[in-house]
Amino acid sequence: MNSHRAAIDRAYREEAGAVLATLIRQLGDFALAEDALHDAFAAAVIGWERDGVPDRPGAWLTTVARRRAIDRLRRERGLAERVRELGELGERSAALDELAADNGDAGPIADDQLRLIFTCCHPALAIEARVALTLRCLGGLTTPQLARAFLLSESTIAQRLVRAKRKIAVARIPYRVPEAGDLPERLTGVLAVVYLIFNEGYLASSGDALVRSELCDSSIRLGRLVAELLPQEPEARGLLALMLLTDSRRTARVGPGGQYVPLDEQDRSLWSTSQIEEGRAQLDLAVARRAPGRFQLQAAIAAVHADARSAAQTDWPQIAGLYEKLLEFDASPVVEVNRAVAVAFAGGDGLARLRPLLDDPRLAGYQPLHAAHAELLSRSGHRDAAATAYERAIELSSNGVEREWLRERAASAQARS
Amino acid sequence: MQYLLLFYSDYEQSPEPGSPEEMAEIEGFIALDGEMREAGVLVGGEALEPPTTATTVRRTSGETLVIDGPFAETKEQLGGYAVIDVPDLDAALVWAAKLPHLDYGSVEVRPVMEMPG
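The structure contained in this document is the topic of the report that follows.

Calculation notes
- Each chain has its residues counted from 1, following the order in which its sequence is written.
- Both sets of labels track the order of writing: A upward for chains, 1 upward for ligands.
- Confidence filtering applies because this is a predicted model: local features only for residues at pLDDT of at least 70, side-chain atom pairs given and counted only at 80 or more, and all residues used for totals across whole chains, interfaces and linings.
- Note: side-chain values were computed over all heavy atoms of the structure, leaving out hydrogens and water.
- In what follows, a contact means two residues having at least one pair of non-hydrogen atoms within 4.5 Å.
- Once two parts are brought into contact, the accessible area they lose, counted with a 1.4 Å probe and summed over both, makes up the buried area.
- We define a salt bridge as a contact between a side-chain nitrogen of Lys or Arg and a carboxyl oxygen of Asp or Glu at a distance within 4 Å.
- Nitrogen and oxygen atoms within 3.5 Å of one another constitute a polar contact, given that in protein one can donate a hydrogen and the other can accept it, and given that sequence-neighbouring residues count only through two side-chain atoms.
- Only Asp, Glu, Lys and Arg are considered charged in this grouping, and only Ala, Val, Leu, Ile, Met, Phe, Trp, Tyr, Cys and Pro are considered nonpolar; every other residue, Gly among them, is considered polar.
- A run of H or I in DSSP becomes a helix once it reaches four residues, and a run of E becomes a strand once it reaches two; helices and strands are each numbered from the N terminus.
- For every residue, the accessible area obtained with a 1.4 Å probe (protein chains only) is divided by the maximum for its type, and the residue is called buried under 20%, exposed over 50%, and partly exposed between those limits.
- Strand pairing requires that DSSP identify at least two bridges connecting the strands.
- Under this scheme, a helix contributes an axis fitted over its contacting stretch, all axes are lines through C-alpha atoms, and angles between N-to-C directions fall in the 0 to 180 degree range.
- Patch members must show over 30% relative accessible area and no salt bridge, and they are joined within 9 Å when carrying like charges or within 5 Å when they are nonpolar side chains of Val, Leu, Ile, Met, Phe, Trp or Tyr.
- Accessible surface is estimated by sampling points in the Shrake-Rupley manner with a 1.4 Å probe; for residues, cover comes only from the protein chains shown.
- Each aromatic pair joins two rings of Phe, Tyr and Trp (for Trp, the six-membered one) with centres within 6.5 Å, and gets the label stacked for planes under 30 degrees apart, edge-to-face for over 60, and tilted for any other angle.
- Lysine and arginine charges are scored as sitting over a ring when NZ or CZ, respectively, is within 6 Å of the ring centre and within 35 degrees of the ring normal.

Some details on the interface of chain A and chain B
Piece 1. Tallying the contact residues gives nine residues for chain A and nine residues for chain B.
Piece 2. Each partner contributes to the roughly 720 Å² buried at the junction of chain A and chain B, and carbon and sulfur atoms together form 50% of this total.
Piece 3. In this structure, the connection of chain A to chain B is made through four salt bridges.
Piece 4. Note that A:Arg176 is salt-bridged to B:Asp90, the shortest N-O span being 3.9 Å.
Piece 5. Viewed at the interface, chain B and chain A are joined by six residue pairs in polar contact (both at pLDDT 80 or more).
Piece 6. A class-by-class count of the residues in the side of chain A that touches chain B yields five nonpolar, one polar and three charged.

Pasting the structure below:
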């Protein structure tokens, strides 16, 4: 591959988000910034082949994009407005060229990226818009990649992005990092978006593909960015740790025939030790701040699994205790299900904890509840009841690979007696 | 930039007219009105008579119709509005969240179109 093409791809993945963030601040216009950045990349395709890859691709792209933005304004706006804007831009440009010449000043760029993250994840935007915008602007995904990942047409994705940017502009969603008072809630929102993206990639809610790796990689990149930009927020690190520890099992999770391999059957030698190490390191840093939260606790649970050399050596009492604590932060029925299973595996009466959940309307379509119920029934010798529960779980599963695994599980539970 | 705040309420759940809860709510609206004026953000606003007093005009197939009642029989109905002038949506949302009727209602925050010139 041409080295300049590789450099462009890398710049797109690694630098585009930061450059876009800076441009939005400098130009005060989301759509203009995006178009200008697009122009700059087009110029890079020609320019980097002809003149070589610049030492600082990010700075090159920013400078060229600014000039392209000025060109666009000249072409598009009315005369009086153009004169005014060009004047402002000219002043800002000069000041900023000075700034760009100042090497290694990460401050303004970091601030810009934070602003961009919080804007893309603003609660006033529909959740699908937040996901698409975040992935597009910061996650390094192209529109075609987004379309494939979410099984939508490119035009649907494009429309979603256009509408979101329009809302940002017309409703005046501010381009800023929230004030200290709002930051915790808004950060929770950002982390929720990143986690949603990760789960979409890891769990694949429909269809037969079990994992969509582009989304996982992207969400981990985003998680790293947020953790780096907000080092004093342990939940950001907690989320990163959780994603790394979970993703470390990605290869082991899919069998040679594409079938789903659950945690207790996975070949642990396929788990990525580098991701586990990084995940543990991030978790340690988070926990040191002594401000527990749901992501740190979920990461801690994942870390206990990562510590076990085999499924049989899993420290289930510790996991049960962690779920107990997690319920304090996330009193969701899903966590109750997981806690019940952990209690059962730790030797306690998990079934007793699980039974009331079967009537919980919030868990009405929740397949894992019935799969867990079936599993616990099977282990305690209730064959027929287990079979019924497996039937229910299979009915509720929307994933072909998962259904296949449930059928196999049901079959082997029947054979066991 | 101006935002229109539309106050919607579920009239079946709102306080009984003349009740202490209603008095408290009215006081809440008056206090918020004062706060908005003091902050210099209030452009205008009114409370509205209940939806049972509304009349809707429509035109279908060239015929103008006059119909008793609000434009749609929804659970939440328009009860009042305010127009505020604030720098951005976040500022508007902070004011919207202070509305006293939010226990049984909602506030829609709609940007007012800015006309050139």
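Following the structure, the description resumes.
Concerning the pattern of salt bridges
Piece 1. For the structure on display, the rule yields 30 salt bridges over all chains.
Piece 2. Residue A:Arg407 pairs with A:Glu404 through a salt bridge whose shortest N-O separation is 3.2 Å. Remark: A:Glu404 and A:Arg407 occur in helix 20 (residues 400-415); sequence separation between them is three residues, near one turn of the helix.
Piece 3. For B:Lys75, the salt bridge identified is with B:Asp10, shortest N-O distance 3.1 Å. Separated by 65 residues along the polypeptide, B:Lys75 in the loop between strand 4 (63-68) and strand 5 (76-85) and B:Asp10 in strand 1 (residues 2-10) bring together distant segments of the chain.
Piece 4. B:Lys75 sits in the exposed class, given a relative accessible area of 62%.
Piece 5. Taken together, the shared-partner salt bridges in this structure form one network comprising A:Asp264, A:Glu265, A:Glu375, A:Arg379 and A:Arg409.

A closer look at the sheet that holds strand 5 of chain B
All names here are of chain B.
Piece 1. If you trace the four strands from one edge of the open sheet to the other, you get 2-5-1-6, paired in antiparallel fashion. Edge positions in the sheet fall to strand 2 (42-47) and strand 6 (105-111), since each has one partner strand and no second. Neighbour-to-neighbour, the strand axes of the sheet open up by a mean angle of 20°, direction not taken into account.
Piece 2. Bridging between strand 2 and strand 5 involves five bridges; their strand directions are antiparallel. By the bridge assignment for strand 5, Gly-45 is matched with Ala-82.

Remarks on a nonpolar patch on the surface
Piece 1. Residues B:Met23, B:Ile26 and B:Ile30 make up a contiguous nonpolar surface patch of roughly 270 Å² in combined accessible area.
Piece 2. Mapped onto the secondary structure, B:Ile30 falls in helix 1 (residues 20-38).

A closer look at the packing of aromatic side chains
Piece 1. Tallied over the entire structure, the rule returns six aromatic pairs over all chains.
Piece 2. Ring geometry for A:Phe198 and A:Tyr202: centres 5.5 Å apart, planes at 15°, overall stacked. Within this pair, A:Phe198 and its partner A:Tyr202 are both found in helix 10 (residues 183-203), separated by four residues, close to a single helical turn. Per residue, the accessibility class of A:Phe198 equals that of A:Tyr202, and both read buried.
Piece 3. Aromatic side chains A:Trp316 and A:Phe345 sit 4.8 Å apart centroid to centroid with 90° between the ring planes, which places their arrangement in the edge-to-face category. Placement of the pair is A:Trp316 in helix 15 (residues 316-329) and A:Phe345 in helix 16 (residues 333-345), with a sequence separation of 29 residues.
Piece 4. Using a relative accessible area of 18% as the deciding quantity, one classes A:Trp316 as buried.
Piece 5. Directly above the aromatic system of A:Trp271 lies the positively charged group of A:Arg249, at a separation of 6.0 Å from the ring centroid.
Piece 6. If you follow B:Lys98 out to its NZ or CZ, it ends over the ring of B:Trp95, 4.9 Å from the centre.

That's the geometry; what it means functionally is another story.
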